Amino acid sequence: MRQPWRVAVVGGGIAGLAAAVRLRDSAPAGTEITVYEQSGVLGGKLRTGELAGQPVEFGAESFLMRDPTGAESAAVALACRLGLAEKIVHPTVGQAALVIDGGLRPIPGGTLVGVPGDLDRVAAVARPAADADTDGGRPLVGPDADVSVGALVRSRFGNEVVERLVDPMLGGVYAGRADDLSLVTTMPALARTARVEHTLVGAVRAAQAAAPRAPGAPVFGTLAGGLGTLIEAAVTASGATVRRDAAVRELTPTGTGWRLTVGPTRDPQLVDVDAVVLAVPARPAARLLAGPAPAVAAGVGALDYASVALVTMALPQPRLPELSGFLVPSTEGLLIKAATFFTTKWGHLRRPDGLALVRASVGRYGEEAHLQRPDADLAATVHRELSAVLGTPLPAPVDGHVQRWGGALPQYAPGHADRLAAARTALRAAHPTLVLAGAGYDGVGIPVCVRSGETAAEEIITALGGSAR
Ligand SMILES: Cc1cc2nc3c(=O)[nH]c(=O)nc-3n(C[C@H](O)[C@H](O)[C@H](O)COP(=O)(O)OP(=O)(O)OC[C@H]3O[C@@H](n4cnc5c(N)ncnc54)[C@H](O)[C@@H]3O)c2cc1C
């Protein structure tokens, strides 16, 4: 293999940048790393903006502190690696609410993304079906099977638990419906225990016991100063050359590596590299794979995505409850899917002048038509619905921002993990120096994407014949 190695990272989101940092840490010294990002900004779904003179997240807001096994999450480990450990802050108000029959009720504790391990604790919000969760003498899910979260929970706890608890909580992450989403990919810890336990209550409790949380330990964290600082620090630590406004349009195998076609079609640039981390969503990945690996492209490109919009408002001294925010079941008939009271939830964002930053998320999978309205219209509807849910007319905003995320959240159907494993095996066999990373494959969320990027970097190092330093 020629030295130094030249590795292209296609996609400047968190997965691509985590891959770049891991390459710098573990590939031979002198490895040339170039990050190609089609837009003018790095970070992908992480985007720290500014509203009313304050940094505020227009995309992802926080990260899980622990992974499903209970160990420190990859996002925390990356922040520590980048010297940002002291910038990690936690919500000062963790309690959120559900909108039920137009009013707010606290989200019951002790659930796993809304799936209860103790039915009595959720009774104020949803009535579980009586006696459906019986021991049938065998595990809930077969050893290699996958089901939708909704199908499993409906069969054991009935419709109300799905509609009032699981749908809004899972929908808060995926903007999709529990009935469409894979248990194995969206709730891996529960999938593992459901292959052993005979009741759903038993499976939830076993999953919770497998990842015990120290009492009072924070679940979420973010970075004071914004998640944009993670992106900047990752770029610096990676020592990568960054090419913004540089869409990669084609990947061609050269026999010894890859030729990238970069930039506008009328004036493309051709770049030769030894290996590629492809850290872009599944749709653009499928377009790039269509030439070198058409069967893999078909498998990867089958993934569907939901679109959402985030409406953030700066409100002068509104009367807000002491909650981090609320989630809205789709049965409530509101456009708002979730709301976050930033300045209540995060102590570091509180302002002496009482100005509140409130963000609402709009858009569910299959309901993209609701997003086809002008920003001002969307913001006015959100303002009206927030006032209705809170039972008090909110003041007019002094500043606002609408961020649209088209085709942003993967909808992993049952069987996704197997389809992806098959696609990856085929890609590895045909092209070991081209590796997929990011939310299109391994699951959404900053920790999962960081881990995915790091794993891709390690695979590249192995494929190029090096060993991790
Ligand atoms: C609105 C929203 C809120 C979220 N909130 C949270 C949260 O609070 N906590 C959490 O953990 N997760 C959250 N997530 C999920 C999380 O942000 C994502 O799963 C994660 O950031 C995805 O990272 P990625 O690097 O895989 O992809 P992306 O962030 O999508 O990055 C991919 C990059 O590739 C670029 N690209 C695409 N095609 C090409 C090409 N041909 N050439 C070059 N570049 C290309 C894109 O422009 C993009 O910058 C949220 C997601 C959304 C949409």
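Now for a quick tour of the structure. Predicted, not measured: the structure shown is a model, and the values here were computed from it.

**Side note on the overall build of the protein**
Scanning the protein for helices and strands turns up 15 helices and 22 strands. On C-alpha atoms alone, the protein measures out to a radius of gyration of 23 Å, which is about the 23 Å that the 2.2 N^0.38 rule sets for 469 residues. The principal-axis extents of the C-alpha atoms in the protein amount to approximately 65 × 60 × 40 Å. Counting only residues that meet the buried cut, the protein has 52% of its 469 residues in that class. Sequence separation of 24 or more characterises 73% of the internal contacts of the protein that already satisfy a separation of 6 or more. As presented, the protein carries roughly 19300 Å² of accessible surface, and 53% of it is formed by carbon and sulfur atoms. Averaging the locations of the 43 positively and 44 negatively charged side chains of the protein gives two centres separated by 3 Å.

**Focus: a nonpolar patch on the surface**
On the surface, Leu64, Val219 and Phe220 cluster together to form a nonpolar patch covering roughly 220 Å² of accessible area. In this fold, Val219 is placed in the loop between helix H7 (200-210) and strand S11 (220-223).

**Here's the deal with the packing of aromatic side chains**
Counting across every chain of the model gives two aromatic pairs. Centroid distance Tyr174 to Tyr412: 6.0 Å. Interplanar angle 80 degrees. Geometry classified as edge-to-face. Highlighted residues: Tyr174 in helix H4 (residues 159-174) and Tyr412 in the loop between strand S21 (399-411) and helix H13 (416-430), separated in sequence by 238 residues. The same class applies to Tyr174 as to Tyr412, namely buried. Arranged with centres 6.0 Å apart and planes meeting at 70 degrees, the rings of Phe326 and Phe341 form a pair that is edge-to-face. Taken together, the residues Phe326 in strand S18 (residues 325-327) and Phe341 in strand S19 (residues 336-341) connect sequence positions 15 residues apart.

**Some thoughts on empty space enclosed by the protein**
A full pass over the atoms with the stated rule returns one cavity of 30 Å³ or more. The biggest single contributor to the lining of the largest cavity is H4, with three residues. The residue inventory of the lining of the largest cavity, partitioned by class, reads three nonpolar, three polar and four charged.

**Here we look at the sheet that holds S11**
What the three strands build is an open sheet, ordered S5-S11-S6; its pairing is antiparallel. Because the sheet does not close on itself, it has two edges, and the strands there are strand S5 (63-64) and strand S6 (88-89). Judged from the two bridges that link them, S6 and S11 form a sheet pairing that is antiparallel. Residue pairing across strands places Val89 opposite Thr222, the latter belonging to S11.

**Re the side chain of Ser361**
Among the secondary structure elements, Ser361 is positioned in strand S20 (residues 355-362). Discounting chain neighbours no more than four positions away, the residues touching Ser361 are Ala309, Leu310, Leu335, Ile336, Lys337 and Ala338.

**So, the packing of helix H2 (residues 74-81) against helix H15 (residues 446-463)**
Two elements in contact, H2 and H15, have axes whose closest approach is 7 Å; the angle formed by their N-to-C orientations is 70 degrees. If you check the angle between H2 and H15, you find them roughly perpendicular. Touching Ala74, Ala75 and Leu78 of H2 are Ile446, Pro447, Val450, Arg451 and Glu454, all from H15.

**A short note on the layout of surface pockets**
To locate leftover empty space, one rolls a probe as large as a water molecule over the atoms. Taken as a whole, the second largest pocket holds about 210 Å³ of empty space. Every residue lining the second largest pocket is counted, 14 residues in all, and those nearest its centre are Ala302, Leu303, Gln411, Ala413 and Arg419. Those elements that provide at least two residues to the lining of the second largest pocket are helix H10 (294-301), H13 and helix H14 (439-442). Of the residues assigned to the lining of the second largest pocket, the class counts are seven nonpolar, four polar and three charged.

**Some thoughts on the site of the ligand**
Contacts to the ligand come from 35 residues, most closely from Glu37, Lys45, Ser62, Ala439 and Ile446. The separation between a nitrogen atom of the ligand and a polar main-chain atom of Gln38 is 3.1 Å. One of the backbone N or O atoms of Glu61 is found 2.9 Å from an oxygen atom in the ligand. Relative to its free-state accessible area of 1000 Å², the ligand is covered by the protein chains to the extent of 89%. Of all the secondary structure elements, the ones that give two or more residues to the shell around the ligand are helix H1 (14-26), strand S17 (304-316), S21 and H15. Across the shell around the ligand, the residue classes tally to 23 nonpolar, nine polar and three charged.

**A word on the nonpolar core**
Core analysis: the biggest nonpolar cluster contains 77 residues, and Leu200, Leu260 and Leu278 have the highest contact counts within it. Among residues more than four places away in sequence, those in contact with Leu278 are Val10, Leu251, Ala285, Leu288, Leu289, Leu434, Val435, Leu436, Ala437 and Tyr441. Counting 47 residues, the second-largest nonpolar core is a separate cluster that includes Ala75, Leu223, Ala275 and Val435.

Thresholds, definitions, all that
- Per chain, the residues get numbers from 1 upward, laid out in the order the sequence is written.
- Owing to the predicted nature of the model, reporting of local features is limited to residues with pLDDT of at least 70; listing and counting of side-chain atom pairs is limited to 80 or more, with chain, interface and lining totals taken over all residues.
- Side-chain measures were taken over the full set of non-hydrogen atoms in the model, leaving aside hydrogen atoms and water.
- Helix and strand assignments follow DSSP, with helices taken as H or I runs no shorter than four residues and strands as E runs no shorter than two, numbered in order from the N terminus.
- Computation of the radius of gyration draws on C-alpha atoms, with the globule rule given as 2.2 Å multiplied by the number of residues to the power 0.38.
- Residue exposure (1.4 Å probe, protein chains only): buried if accessible area is under 20% of the type maximum, exposed if over 50%, otherwise partly exposed.
- Whether two residues are in contact is decided by their heavy atoms: any pair within 4.5 Å suffices.
- To be clear on the numbers: accessible area is Shrake-Rupley with a 1.4 Å probe, and residue cover counts the displayed protein chains and nothing else.
- Under the counting rule used here, the positive set is Lys and Arg, the negative set is Asp and Glu, and His together with the chain ends is not counted.
- Taken as the charge location is NZ of Lys, CZ of Arg, CG of Asp or CD of Glu.
- Patches here: salt-bridge-free residues with over 30% relative accessible area, like charges joined within 9 Å, nonpolar side chains (Val, Leu, Ile, Met, Phe, Trp, Tyr) joined within 5 Å.
- Salt bridges are identified by distance alone: a Lys or Arg side-chain nitrogen within 4 Å of an Asp or Glu carboxyl oxygen.
- Here the aromatic set is Phe, Tyr and Trp, taking the six-membered ring for Trp, and pairing holds for ring centres within 6.5 Å; pairs whose planes are under 30 degrees apart are stacked, those over 60 apart are edge-to-face, and all others are tilted.
- Definitions used for this entry: grid spacing 1 Å over protein atoms alone; cavity, a set of points where a 1.4 Å probe fits but cannot get out; pocket, an open set with protein on both sides within 12 Å along at least 5 of 7 lines; lining residue, one with an atom within 4 Å of a point.
- Grid points are joined across faces, edges and corners, and a volume is the space filled by probe spheres set on the points.
- Three residue categories are used. Nonpolar comprises Ala, Val, Leu, Ile, Met, Phe, Trp, Tyr, Cys and Pro, charged comprises Asp, Glu, Lys and Arg, and polar comprises the others, including Gly.
- Here the rule is simple: two strands pair whenever DSSP picks up at least two bridges between them.
- Axis geometry follows a simple rule: fit a line to the C-alpha atoms, using only the stretch in contact for helices, then measure angles between N-to-C directions, giving values from 0 to 180 degrees.
- Working definition: roughly parallel below 35 degrees, roughly antiparallel above 145 degrees, roughly perpendicular at 65 to 115 degrees, and oblique for all remaining angles.
- Being near a molecule or strand, for a residue, comes down to having at least one heavy atom within 4 Å of it.
- What qualifies as a polar contact is a pair of N or O atoms within 3.5 Å, subject to a donor-acceptor requirement within protein and to the restriction that residues adjacent in sequence count only when both atoms come from side chains.
- Put simply, a nonpolar core is a bunch of buried Ala, Val, Leu, Ile, Met, Phe, Trp, Tyr and Cys residues held in one set by side-chain atoms that sit within 4.5 Å of each other.

On their own, these measurements won't tell you what the molecule is for.
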